[in-house]
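Working through the structure, step by step
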Amino acid sequence: SHGDLKLNLLTREVYRGEKKIELQTREFTLLEYLLRNAGKCVTKTLILEHVWDYNFDPQTNVVDGLVCRLRNKIDKGVKTSLIHTIRGMGYVLKQE
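Attention in this report is confined to the structure presented alongside it. (Residues numbered from 1 in each chain as written. Predicted model: local features only at pLDDT ≥ 70, side-chain atom pairs only at ≥ 80, totals over all residues. Heavy atoms only, no water.)

Some remarks on the side chain of H2
Put simply, the test is: Only runs of H or I of at least four residues qualify as helices and only runs of E of at least two qualify as strands under DSSP, and these elements are numbered from the N terminus. Exposure is judged per residue with a 1.4 Å probe applied to protein chains only, and the accessible area is read against the type maximum: over 50% gives exposed, under 20% gives buried, and values in between give partly exposed. Any pair of residues with heavy atoms lying within 4.5 Å of one another is described as a contacting pair.
Positionally, H2 belongs in the segment before strand 1 (5-8). Exposure remark for H2: the relative accessible area of 18% places this residue in the buried category. If sequence neighbours within four positions are ignored, H2 has contacts with L35, A38, L82, L93, K94 and Q95.

So, the sheet that holds strand 6 (residues 90-93)
Heads up, the condition is: The pairing criterion for strands is at least two bridges between them, as found by DSSP. What counts as an axis is a line fitted to C-alpha atoms, over the stretch in contact for a helix, and the angles between N-to-C directions run from 0 to 180 degrees.
With antiparallel pairing, 3 strands are arranged side by side in an open sheet as 4-6-5. Both outer strands of the open sheet, strand 4 (42-43) and strand 5 (83-86), are each paired with one neighbouring strand and no more. As paired elements, strand 5 and strand 6 share 4 bridges and run antiparallel to each other. Of the residues in strand 6, the one forming a bridge with I86 is G90. Contacting strand 5 and strand 6, helix 3 (residues 62-75) runs over the sheet at an angle of about 145 degrees to strand 5.

Brief notes about the packing of helix 1 (residues 25-36) against helix 3
This is how the line gets drawn: Our angle categories are set so that under 35 degrees counts as roughly parallel, over 145 as roughly antiparallel, 65 to 115 as roughly perpendicular, and the remainder as oblique. Lys, Arg, Asp and Glu make up the charged group, whereas Ala, Val, Leu, Ile, Met, Phe, Trp, Tyr, Cys and Pro make up the nonpolar group; the residues left over, Gly among them, are polar.
The N-to-C vectors of helix 1 and helix 3 enclose an angle of 80 degrees; their axes lie 10 Å apart at closest approach. Judged by the angle between their axes, helix 1 and helix 3 are roughly perpendicular. The residues of helix 3 that touch helix 1, namely those facing R26, E27, L30, L31 and L34, are L66, V67, R69, L70, K73 and I74. Of the residues that constitute the contact of helix 1 with helix 3, the class distribution is 7 nonpolar, no polar and 4 charged.

Here it is as structure tokens:
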């Protein structure tokens, strides 16, 4: 868990506060990876390796699209965003 975000690996359920969030498999895998590295910037290349389990061209926007979908589900309707972009570096899950 991180702040009011909770992820259950056994049941594959995700909650932001009291709200249950339905995630697709890759979204869940990305969120788990971000949670395990909370507070640390993870690069697109690292995300590609851990979420897809093989190498992609780091210039592809597949990571951006997945992060955007996950951000819309996790941060929608709440005052504080948890998923942040670090320009030129990658993404970080943190509370501000």
